[in-house]
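Fold and contact review
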Amino acid sequence: MTDSGKKLRVLGIETSCDETGVAVYDTVSGLLAHRLYSQIQVHARYGGVVPELASRDHVRKTLPLIRQTLAAASLSLADLDGIAYTAGPGLIGALMVGAGIGRALAWSLGVPAVAVHHMEGHLLAPMLEDPRPDFPFVALLVSGGHTMLVQVDAVGRYRILGESVDDAVGEAFDKTAKLLGLPYPGGPELARLAEKGRAGVYRFPRPMTNRPGLDFSYSGLKTFALNTLQEAGADVDEQTRADIALAFQEAAVDSLVIKCRRALQQTGIRSLVVAGGVSANRCLRAALGQLARQQRIALYFPRLEFCTDNGAMIAYAGSLRLAQGQSEQAVIDARPRWQLDSLAPVG
Ligand code: KG4
Ligand code: ZN
């Protein structure tokens, strides 16, 4: 479970979108504690994430969550050897909160801070479980903002094999869920509705699968769902909506599985890691499980709670970099108010 070498206790802070996640990872003892606060309640009435509200809520929740996480691990701030915070990609205001708090804490404690790439966090989340995947592996990263296949030769050695040319698969789940009248966040809601769907009533296309390559496209599936819904008429009943949800999910999952099979064949790698919010999808887990059995591939997922955004994956990814002596000296320079006449003259 743990990493060899120097003992480091690292606080991880995740605030890139609509979840505040905090964790402490110990390079000898493993994950010590983690806490998550989801902003679903804040954004639900708007049908999606409102960036400014997300930033404000991170401001309210991050410090209390850090206190709770440290208490759960029976640690104090002085016990920390480093801070890892998500520096991007994500909503800039939301990121600034975690980065600002992380940086400030590191300075005040006199410990190093490291800026973590959110997708590296997702990619390494399965390494928090036993057994861990060995390098090299192929990673399928499926979240609300990204859909990509990555060849992972080592931590930080990433070759992007393919990615979405338009919407991310999670985004397509969310947009289609909205069309079906489901509340935010739509992905898990659509998956739930699809359980009541009848197989074979609708068939959606498998985008980008009948041409070579490992790129994905998901905006067409959302449009197909819209057209199917419109053709079904004004008063679409619950059963029809469930049938459409199932057909959408089957097509989305099928295209992911087809590309995974292709990536494994192309690279000759026998190990597949799946991470990001959509890796919580049961239908995807089952379909990839079948692929793994057929092809004798080792398959790894994060535990369910670490599929979606969390602080544990950031603490872990950061600890690996901090253990190698990597840290950030960057100064956070954002100025919401700035006097024009305070500028230094040029020349
Ligand atoms: O990784 P994540 O928490 O945040 C990003 O980095 O984007 O992923 C969130 C995405 C959302 O689009 C959400 O709808 C989707 O993951 N998601 C699911 C499921 N659980 C979360 N999509 C389909 N089925 C699920 N069970
Ligand atoms: Zn994420």
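Let me begin by describing the structure that accompanies this report. Each chain carries its own residue numbering, running from 1 in the written order of its sequence. Numbering of ligands from 1 and lettering of chains from A proceed in the order in which they are written. Only residues with pLDDT of 70 or above have their local features reported here, since the model is predicted, and side-chain atom pairs are shown and tallied only from 80 upward, although totals for entire chains, interfaces and linings are computed over all residues. To get the side-chain values, take all heavy atoms of the structure and skip hydrogens and water.

So, the environment of Gly47
The criterion, for reference: The numbering of helices and of strands both runs from the N terminus, where a helix is a DSSP run of H or I of at least 4 residues and a strand a run of E of at least 2. Buried means the residue's accessible area, taken with a 1.4 Å probe over protein chains only, is under 20% of the maximum for its type, while exposed means over 50%, and partly exposed covers the values in between. Only heavy atoms enter the contact rule, under which two residues are in contact if any of them lie within 4.5 Å.
Note on placement: Gly47 falls in the loop between helix H1 (40–44) and helix H2 (51–72). Its relative accessible area of 27% is what places Gly47 among the partly exposed residues. Between the C-alpha atom of Gly47 and that of Pro185, which follows or precedes it by 138 residues, the distance is 7.7 Å. With residues near it in sequence (within four places) discarded, Gly47 still touches Lys178 and Tyr184.

With respect to the pairing of strand S4 (residues 82–88)
Along any regular strand, the residues point their side chains to alternate faces of the sheet. Where we set the bar: Any two strands are treated as partners once DSSP identifies two or more bridges connecting them. For a crossover, the right-handed case is the one in which the path from the first strand over the helix to the second runs clockwise, viewed with the strands pointing away from the viewer.
Of all seven residues in S4, six are buried, a share of seventy percent or more. As defined by bridge partners, strand S1 (residues 9–14) adjoins S4 across four bridges and the pair is classed as parallel. Within S4, the residue paired with Ile13 across the bridge is Tyr85. Sheet analysis places S4 next to strand S5 (residues 113–117), joined by five bridges and oriented parallel. Counterpart to Gly88 in the pairing with S5 is His117. Each parallel crossover has a hand, and for S4 linked through helix H3 (residues 92–109) to S5 it is right-handed.

Thoughts on the side chain of Thr209
Defined as follows: Pairs of N or O atoms are called polar contacts if they sit within 3.5 Å, as long as, within protein, a hydrogen donor faces a hydrogen acceptor (for residues adjacent in sequence, only side-chain-to-side-chain pairs).
The residue Thr209 is located in the loop between helix H6 (186–194) and helix H7 (219–231) in this model. Reaching out from Thr209, the side chain makes a polar contact with the backbone oxygen of Arg206 at a distance of 2.7 Å. Filtering out sequence-adjacent residues up to four positions away, Thr209 remains in contact with Ser255, Ile258, Lys259 and Arg262.

Topic: the site of ligand 1
The condition is simple: Think of it this way: one heavy atom of a residue within 4 Å of a molecule or strand is enough to make that residue near it. Shrake-Rupley sampling with a 1.4 Å probe provides the accessible areas, and residues are treated as covered by the protein chains on show and by no other component. Only protein atoms enter the 1 Å grid, on which a cavity is a set of points fitting a 1.4 Å probe that cannot get out and a pocket is an open set with protein on both sides within 12 Å along at least 5 of 7 lines, lining residues being those with an atom within 4 Å of a point. Occupancy of a cavity or pocket is assigned to a molecule whenever over half of its atoms lie within 2 Å of that pocket's grid points.
Around ligand 1, the surrounding shell holds 17 residues, and the nearest of these are His122, Gly144, Asp174, Gly277 and Asn281. Contact distances for ligand 1 include 2.8 Å between an oxygen atom and a backbone N or O atom of Gly144. Taking Asp309, its main chain carries an N or O atom lying 3.0 Å from an oxygen atom of ligand 1. Computed on the free molecule, ligand 1 has an accessible area of 550 Å², of which 87% lies beneath the protein chains in the complex. Taken atom by atom, the bulk of ligand 1 overlaps the largest pocket. A total of three residues in the shell around ligand 1 trace back to one element, the largest contributor, which is helix H5 (residues 169–179).

Side note on the layout of surface pockets
For the record, the criterion: Grid points are joined across faces, edges and corners, and a volume is the space filled by probe spheres set on the points. Asp, Glu, Lys and Arg are counted as charged, while Ala, Val, Leu, Ile, Met, Phe, Trp, Tyr, Cys and Pro are counted as nonpolar; the rest, among them Gly, fall into the polar class.
One number sums up the size of the largest pocket: a volume of about 1,500 Å³. Secondary-structure elements contributing two or more residues to the lining of the largest pocket are strand S3 (30–38), helix H4 (118–124), H5, H6, helix H8 (238–267) and helix H9 (282–295). Along the lines of polarity and charge, the residues of the lining of the largest pocket split into 22 nonpolar, 18 polar and 10 charged.

Focus on the packing of aromatic side chains
Where we set the bar: Only Phe, Tyr and Trp rings are paired, with Trp represented by its six-membered ring, and only when their centres lie within 6.5 Å; those with planes under 30 degrees apart are stacked, over 60 edge-to-face, the remainder tilted.
Inspection of every chain in the model, using the stated rule, returns five aromatic pairs. With centroids separated by 5.0 Å and ring planes inclined at 75 degrees, the aromatic side chains of Tyr25 and Tyr316 adopt a geometry described as edge-to-face. Here the residue Tyr25 occupies a position in strand S2 (residues 19–26), and Tyr316 occupies one in helix H10 (residues 311–323), the gap between them amounting to 291 residues. Here Tyr25 falls in the buried class, since its relative accessible area comes to 0%.

Some points on the packing of H8 against H9
As a reminder, the rule being used: In this analysis an axis means a line fitted to C-alpha atoms, helices contributing only their contacting stretch, and an angle means the value between N-to-C directions, from 0 to 180 degrees. An angle below 35 degrees is treated as roughly parallel, one above 145 as roughly antiparallel, one from 65 to 115 as roughly perpendicular, and anything else as oblique. Take the far helix as your reference; a near helix turned counterclockwise from it by less than a right angle gives a left-handed crossing, and one turned clockwise gives a right-handed crossing.
At a minimum axis distance of 10 Å, the contact between H8 and H9 shows a crossing angle of 30 degrees. Here H9 runs roughly parallel to H8, going by the angle between their axes. For the crossing formed where H8 meets H9, the hand is right-handed. Where H8 approaches H9, its residues Gln249, Val253, Leu256, Val257, Cys260, Arg261 and Leu264 are matched on the opposing element by Cys283, Leu284, Ala287, Leu288, Leu291 and Gln295.

Overview of the packing of H5 against H6
At a minimum axis separation of 7 Å, H5 and H6 run at an interaxial angle of 65 degrees. Between H5 and H6, the interaxial angle falls into the category roughly perpendicular. H6 is crossed by H5, and the crossing has left-handed handedness. Residues Phe173, Asp174, Thr176 and Ala177 of H5 lie in contact with H6, whose contacting residues are Gly186, Gly187 and Leu190. Split into classes, the residues belonging to the contact of H5 with H6 amount to three nonpolar, three polar and one charged.

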